[in-house]
Protein chains: 2
Amino acid sequence: MSNPLDRIEFVKPADIEGRSFEIITSELGDRQLDPENELVIKRCIHTSADFDYADNLCFSEHAVTKAVEALKNGACIITDTNMVKAGINKRVLAKFGGEVYNFVADPDVAAEAKERGITRSAVSMERGAALGKPLIYAVGNAPTALIRLYEMMEEGTLPTPALIIGVPVGFVNVVESKELILSRDDVPYIVARGRKGGSNVAACICNALLYIASNNERLYM
Amino acid sequence: MSNPLDRIEFVKPADIEGRSFEIITSELGDRQLDPENELVIKRCIHTSADFDYADNLCFSEHAVTKAVEALKNGACIITDTNMVKAGINKRVLAKFGGEVYNFVADPDVAAEAKERGITRSAVSMERGAALGKPLIYAVGNAPTALIRLYEMMEEGTLPTPALIIGVPVGFVNVVESKELILSRDDVPYIVARGRKGGSNVAACICNALLYIASNNERLYM
């Protein structure tokens, strides 16, 4: 009887990611990706094993370049859940002077959300805006966070974000919340059109940007 | 001009999850799911907006019932990444006396992995087994963790797990590592066959089990 372990390909730990990107590139075949966005798209496929991200990711003009520049200048990241925060490479972010904020678990955020009948994620976005820092908003779960950001843009109360990452996942107002962001031509965004997204996708977009900022992207292509 | 916000459906924060599950149930249509596994499958769809999970999730016989029983008796969970840990409802787990372990970031795990030329995730699984506690292994990223668990079963060094959640995602040895677990008839498992999975999926399977253990599942169906 053959040993099932024989089917395992031996790949050194340090080479696993590179081998993954080779497979992704090969399976994308003739598909041409905008070189500015290529690494972000491939990392989303890498993190999800879902080639839908080659089609559904929408980038405002030079969103990647602008966000990378902001990160190099010390921009911080605010997330809508702790899971997105957990997935971000905080060591690389700190190298540039940035840090990750997440206010969802703060008791006063919960209290305010309850009182106003809105979600904690929506209140968290306001807390982020009030920091008065250059910020990337990384939204992987809560469409209500994206909706609140849109409302604040309409009200004129949102300092211009360095980037909005709009990749909440799910079934209630997810598609619609992303279309709100896509309707703005005055804000840099990366949005996964449709229902798909998630904490992993939000975190991996942040990491892709951080690796580009580190000139480290060749390791991952 | 119509206000784009008019397209947003008003749903109270507490009702968003219930409304999502209604949509999932409706889109599954006539599809019959095993009632024992239904909540787990629907939560995976909920967390990913990907109906592939209706097809790719494989359950060993009464894996859900066995894992729920173990959680009620205080079983702990070990994860292969910090992101899986971040996504687990630790409040509910603690109610039953359990906690979540993740050893990947421990400096001695990194040192040992480097010395042995294996991944930190693989070493972490050994650390988990050495705890001598009833354990659910939740693997959302590293096929090498699943492979190590299989090897330990072959060596006879793995105390029988309460459950193996095998949902790593990706391209290198991911499919093969899951097949190793699926080949065992002596261990309870929940495995997402194929390339898909992820931290979010691993965490949401843990949470589905916790909600069933809490008799709370009706809130989410």
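Here goes a summary of the coordinates provided.

## Digging into the interface of chain A and chain B
At the interface, 44 residues of chain A touch 44 residues of chain B. Contact between chain A and chain B buries roughly 3,500 Å² in total, counting both sides, with carbon and sulfur atoms accounting for 72%. When the buried area of chain A at its contact with chain B is split by residue, Met83, Phe171 and Val172 of chain A rank highest and sum to 21% of it. Taken together, the links from chain A to chain B amount to four salt bridges. For aspartate 50 of chain A, the salt bridge identified is with lysine 196 of chain B, shortest N-O distance 4.0 Å. Run the count over chain A and chain B and you get five residue pairs in polar contact (both at pLDDT 80 or more). Element by element, the count of residues in the side of chain A that touches chain B is highest for helix 1 (residues 16-28) of chain A, at six residues. Of the residues contributing to the side of chain A that touches chain B, the split by class is 21 nonpolar, 14 polar and nine charged.

## Regarding the relation of the copies chain A and chain B
Here chain A sits on chain B after a turn of 180 degrees about the axis and a move of 0.0 Å along it, with an RMSD of 0.0 Å. Here the symmetry operator amounts to a two-fold rotation axis. Within chain A, the C-alpha atom positioned nearest to the axis of rotation is that of methionine 83 of chain A, 2.8 Å from it. Comparing contact sets, 100% of the residues at the interface of chain A also lie at the interface in chain B, consistent with an isologous, same-surface contact.

## Points about the pattern of salt bridges
Residues and elements named next belong to chain B. For the structure on display, the rule yields 38 salt bridges over all chains. Ionic pairing is found between glutamate 38 and lysine 42, a salt bridge with its closest N-O pair at 2.8 Å. With glutamate 38 and lysine 42 both in helix 2 (residues 38-48) and four residues apart, this pair spans about one turn of that helix. Ionic pairing is found between glutamate 154 and arginine 184, a salt bridge with its closest N-O pair at 2.5 Å. Here glutamate 154, found in helix 9 (residues 143-155), pairs with arginine 184, found in the loop between helix 10 (174-182) and strand 6 (189-192); they are 30 residues apart in sequence, far enough to count as distant.

## Side note on the packing of helix 7 (residues 107-116) of chain B against helix 8 (residues 120-129) of chain B
Residues and elements named next belong to chain B. At a minimum axis distance of 8 Å, the contact between helix 7 and helix 8 shows a crossing angle of 120 degrees. Helix-helix and strand crossings are classified by hand; for helix 7 and helix 8 the assignment is right-handed. On helix 8, the residues touching Asp108, Val109, Ala110, Glu112, Ala113 and Arg116 of helix 7 are Arg120, Val123, Ser124, Glu126 and Arg127. Tallied by class, residues from the contact of helix 7 with helix 8 come to four nonpolar, one polar and six charged.

## Topic: the pairing of strand 4 (residues 135-139) of chain A
Residue and element names in this part refer to chain A. Burial analysis of strand 4 places five of its five residues in the buried class, the great majority of the element. Of the two faces of strand 4, the one carrying Leu135, Tyr137 and Val139 and the one carrying Ile136 and Ala138 are both buried. Two elements, strand 2 (residues 76-79) and strand 4, share four bridges in a ladder whose sense is parallel. Its bridge partner lying in strand 4, isoleucine 77 is registered against isoleucine 136. Judged from the four bridges that link them, strand 4 and strand 5 (residues 163-166) form a sheet pairing that is parallel. By the bridge assignment for strand 5, valine 139 is matched with glycine 166. Where the polypeptide runs from strand 4 across helix 9 (residues 143-155) and back to strand 5, its parallel neighbour, the crossover connection is right-handed.

## A short note on the nonpolar core
The nonpolar side chains of a soluble globular protein tend to be buried, and buried together. Counting 107 residues, the largest nonpolar core has Leu57, Ile205 and Leu209 of chain A together with Leu57, Ile205 and Leu209 of chain B as its most contacted members. The residues contacting leucine 209 of chain A, other than those within four sequence positions of it, are Val40, Val64, Ala67, Val68, Leu71 and Leu163 of chain A.

## Details of the sheet that holds strand 4 (residues 135-139) of chain B
All names here are of chain B. With mixed pairing, the six strands of this open sheet are ordered in space as 1-6-5-4-2-3. Edge strands, defined here as strands with exactly one partner in the open sheet, are strand 1 (57-59) and strand 3 (100-101). The sheet contact formed by strand 2 (residues 76-79) and strand 3 spans two bridges and is parallel. Paired with isoleucine 77 across the two strands is valine 100, which belongs to strand 3. Contacting strand 1, strand 5 (163-166) and strand 6, helix 10 runs over the sheet at an angle of about 155 degrees to strand 6.

## A look at the environment of phenylalanine 59 of chain B
Residues and elements named next belong to chain B. Position of phenylalanine 59 relative to the elements: it lies in strand 1. Under the relative-accessibility criterion, phenylalanine 59 is labelled buried at 19%. A C-alpha to C-alpha distance of 7.8 Å links phenylalanine 59 and asparagine 37, two positions 22 residues apart in sequence. Those residues in contact with phenylalanine 59 that sit more than four places away from it in its chain are Asn37, Val40, Ile41, Val64, Tyr189 and Ile190.

What counts and how
- Residues numbered from 1 in each chain as written.
- Chains lettered and ligands numbered in written order.
- Predicted model: local features only at pLDDT ≥ 70, side-chain atom pairs only at ≥ 80, totals over all residues.
- Heavy atoms only, no water.
- Contact = heavy atoms within 4.5 Å.
- Buried area = accessible area lost by both parts, 1.4 Å probe.
- Salt bridge = Lys/Arg side-chain N within 4 Å of Asp/Glu carboxyl O.
- Polar contact = N/O pair within 3.5 Å; in protein donor to acceptor, adjacent residues only side chain to side chain.
- Helix = DSSP H or I, 4+ residues; strand = E, 2+ residues; numbered from the N terminus.
- Nonpolar A, V, L, I, M, F, W, Y, C, P; charged D, E, K, R; others polar.
- Least-squares fit on C-alpha atoms with pLDDT ≥ 70 in both.
- Axes fitted to C-alpha atoms, helices over the stretch in contact; angles between N-to-C directions.
- Left-handed = near helix turned anticlockwise from the far one by under 90°.
- Buried < 20%, exposed > 50% of the residue type's maximum accessible area, 1.4 Å probe, protein only.
- Pairing = 2+ DSSP bridges.
- Right-handed = clockwise from strand over helix to strand, strands pointing away.
- Core = buried A, V, L, I, M, F, W, Y, C linked by side-chain atoms within 4.5 Å.

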